[in-house]
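Residue-level listing of the chains:
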Amino acid sequence: MSLLNMPLLIQDTAAVDALAESIKGDMGMLWMLISGILVFFMQAGFFLVESGMTDSKNAVNIAMKNFLDIAVGSLAFWFIGYSLMYGADVSGGGFFHWGGFVFSQGAADLFFQTVFAATAATIVSGAIAGRTKYTTYAIFSIIITALIYPIAGGWEWNGGWLNAEWMPAEFIDFAGSSIVHSVGGWAALVAAWMVGPRIGKFLNGKPIEMHGHNQMYATLGVFILWLGWFGFNGGSQLAWGGDDSTAASQVVLVTNLAAAAGALSALLFTWIKNGKPNLSMTLNGALAGLVSITAGCGNMSEWGAVLAGLIGGILVVISIGLVESKLKIDDAVGAISVHGIAGAWGTLVIGLWGIDGDAGIGILNGGGVAQLAAQAIGVVAYAVWALATSWIFLTIISKCCGGLRVTEAEEIAGLDISEHGSIAYAGKRQREIE
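About the cut-offs
- Each residue is numbered by its place in its chain's sequence as written, counting from 1.
- Only residues with pLDDT of 70 or above have their local features reported here, since the model is predicted, and side-chain atom pairs are shown and tallied only from 80 upward, although totals for entire chains, interfaces and linings are computed over all residues.
- As a rule here, side-chain values cover all heavy atoms of the structure and leave hydrogens and water aside.
- In the sections that follow, a salt bridge refers to a side-chain nitrogen of Lys or Arg positioned within 4 Å of a carboxyl oxygen of Asp or Glu.
- Numbering goes from the N terminus for both helices and strands, where a helix is a DSSP run of H or I of at least four residues and a strand is a run of E of at least two.
- UniProt positions are given in the numbering used here, feature names are shortened, and annotations may be inferred rather than shown by experiment.
- A patch consists of residues whose relative accessible area exceeds 30% and which take part in no salt bridge; residues with like charges are grouped when within 9 Å of each other, and nonpolar side chains (Val, Leu, Ile, Met, Phe, Trp, Tyr) when within 5 Å.
- We get accessible surface area from the Shrake-Rupley algorithm with a probe of 1.4 Å; when it comes to residues, only the shown protein chains can shield them.
- Burial classes follow relative accessibility: with a 1.4 Å probe on protein chains only, a residue under 20% of its type's maximum area counts as buried, one over 50% as exposed, and anything between as partly exposed.
- Nine residue types can take part in a nonpolar core, namely buried Ala, Val, Leu, Ile, Met, Phe, Trp, Tyr and Cys, and a core is a set of them joined through side-chain atoms within 4.5 Å.
- Note on definitions: a residue-residue contact is assigned when non-hydrogen atoms from the two residues lie within 4.5 Å.
- Each Phe, Tyr or Trp ring (for Trp, its six-membered ring) is paired with any other whose centre lies within 6.5 Å, and the angle between the two planes then decides the class: stacked below 30 degrees, edge-to-face above 60, tilted in between.

Looking at the pattern of salt bridges
- Evaluation of the coordinates by the stated rule reveals six salt bridges.
- For Asp-244, the salt bridge is made with Lys-24, and the minimal N-O distance between the two is 3.4 Å. With Asp-244 in helix α8 (residues 243–274) and Lys-24 in helix α2 (residues 13–52), the pair connects residues that are 220 residues apart, well separated along the chain.
- Note that Glu-411 and Arg-405 form a salt bridge whose closest N and O atoms lie 2.5 Å from each other.

Focus on the UniProt feature "domain: Ammonium transporter AmtB-like" (unreviewed entry) in the chain
- UniProt's entry tags residues 30–425 with the feature "domain: Ammonium transporter AmtB-like" (unreviewed entry), counted in the numbering of this structure.
- Between the C-alpha atoms that bound residues 30–425 the distance is 39 Å, and the span itself is 68% helix and 3% strand.

A few points about a nonpolar patch on the surface
- Nonpolar side chains collect at one region of the surface, where Leu-19, Ile-23, Met-27, Leu-30 and Ile-34 lie side by side and expose about 390 Å² of accessible area between them.
- Residue position: Ile-34 is located in helix α2.
- We classify Ile-34 as partly exposed; its relative accessible area is 41%.

Points about the nonpolar core
- If you look at the biggest cluster of nonpolar residues, it comprises 110 residues, and the most contacted ones within it are Phe-116, Phe-140, Tyr-149, Trp-155, Trp-229, Phe-232 and Tyr-382.
- Ranked by the residues each element gives to this core, the list is headed by helix α5 (residues 134–157), at 12 residues.
- Discounting residues that sit within four places of it in the chain, Trp-155 has contacts with Gly-94, Phe-95, Gly-160, Trp-161, Leu-162, Asn-163, Ala-381, Tyr-382 and Trp-385.

So, the side chain of Thr-122
- Assignment of secondary structure puts Thr-122 in helix α4 (residues 107–127).
- Every residue in contact with Thr-122, bar those within four places of it in the chain, is listed here: Gln-43, Phe-46, Asn-66, Asp-69 and Tyr-137.

Quick notes on the environment of Leu-364
- Among the secondary structure elements, Leu-364 is positioned in the loop between β6 (359–360) and α13 (370–401).
- Residue class for Leu-364 comes out exposed when judged on its relative accessible area of 62%.
- C-alpha separation for the pair Leu-364 and Ala-169, spaced 195 residues apart in sequence, amounts to 16 Å.
- Each residue touching Leu-364, except ones within four places of it in the same chain, is listed here: Leu-352 and Trp-353.

A look at the packing of aromatic side chains
- In the structure shown here, the tally under the stated rule is 19 aromatic pairs.
- Between Phe-77 and Tyr-82, the ring centres sit 6.0 Å apart and the planes meet at 90 degrees, which makes this aromatic pair edge-to-face. Note on accessibility: Phe-77 and Tyr-82 belong to one class, buried.
- Arranged with centres 6.3 Å apart and planes meeting at 50 degrees, the rings of Trp-78 and Phe-79 form a pair that is tilted.
- On the accessibility criterion, Trp-78 (39% relative accessible area) is partly exposed.

Put into structure tokens, the structure is as follows:
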């Protein structure tokens, strides 16, 4: 019996509706699995970006960190993290959730949320590249995927306190500009500050540009991340079929537009500022555009997404400079700015020109200040949470492990040799020996 003939043979309307819902559910599960696989592939993109933008003597260390993130992140989030995010509200105010160890509401959802958790951890890796002990990073990776990220995620994605009746409006973070990216970005800020700058980064208090060893790696990495982001945002529709298919397709479209706008604005801004277009800033501009649309990809028009990305691309260039020159913090890949600053911007912009269907919810669309106020509360809450918990846990780790960073001699030799007893490019090292 073919599916085309089946509706003709079934006279019971309820049975037809049930069949349609069953097919839609299966398609939604397939969409989430495919999207999750795309997000999983983003780990390769993060590895290429981080290794390409830093010294070749640390490439093995970076590869090891990215493998660690997905390996321990998968187990930690499966064992405890998912429960802290999606379990029942046990605090009475939506601040803390728990469903027991190895809690799950379905394999597809668990897998999809797992790769998000690993992304939050990986953001920290880039900021502290080239001088951090592998042991201390491993411990913190477990903590962020098991505790810091999941607890904060439940505040929004599990009907937590950010959606309480006392809020001026329902907080919106469709795919995680704040929940994933800002949490990772603010954690990266604390980690980079506590670890300290790389040797040679500052001369007489002024930042020195430290070029990455392979910008082609970094470029390929951003292309992979751009591709994976279609699953990151599009999969956050969590369903496929009918109106959900239309909505998910629109999410993918505005995601692409914002990324393109961010890349172009960063390119033009650096070109005008420095006289030449800068590749690394253009790459970070594309990533900033992606982060800028992640919260509002379900609540943004196409023109709104372009404008959000354009501003995000400029913000990231300015922020990277300020983090180095004013805060004196060495962020090896610009992770604080790309994920923290652009994440905050992407969350706030919903309150400026966000939409809900045909209705405007942002101030410039006639929505009033309530939505902007709700978005601002969320931005501050995630920043305070990530900054405070990261400082607490990193302080404990530092005291227990004899510090966060390697010795000066180990840093100069490279973490590949000192931490792993290996090298990424054997041919190059052999030529140096000869």
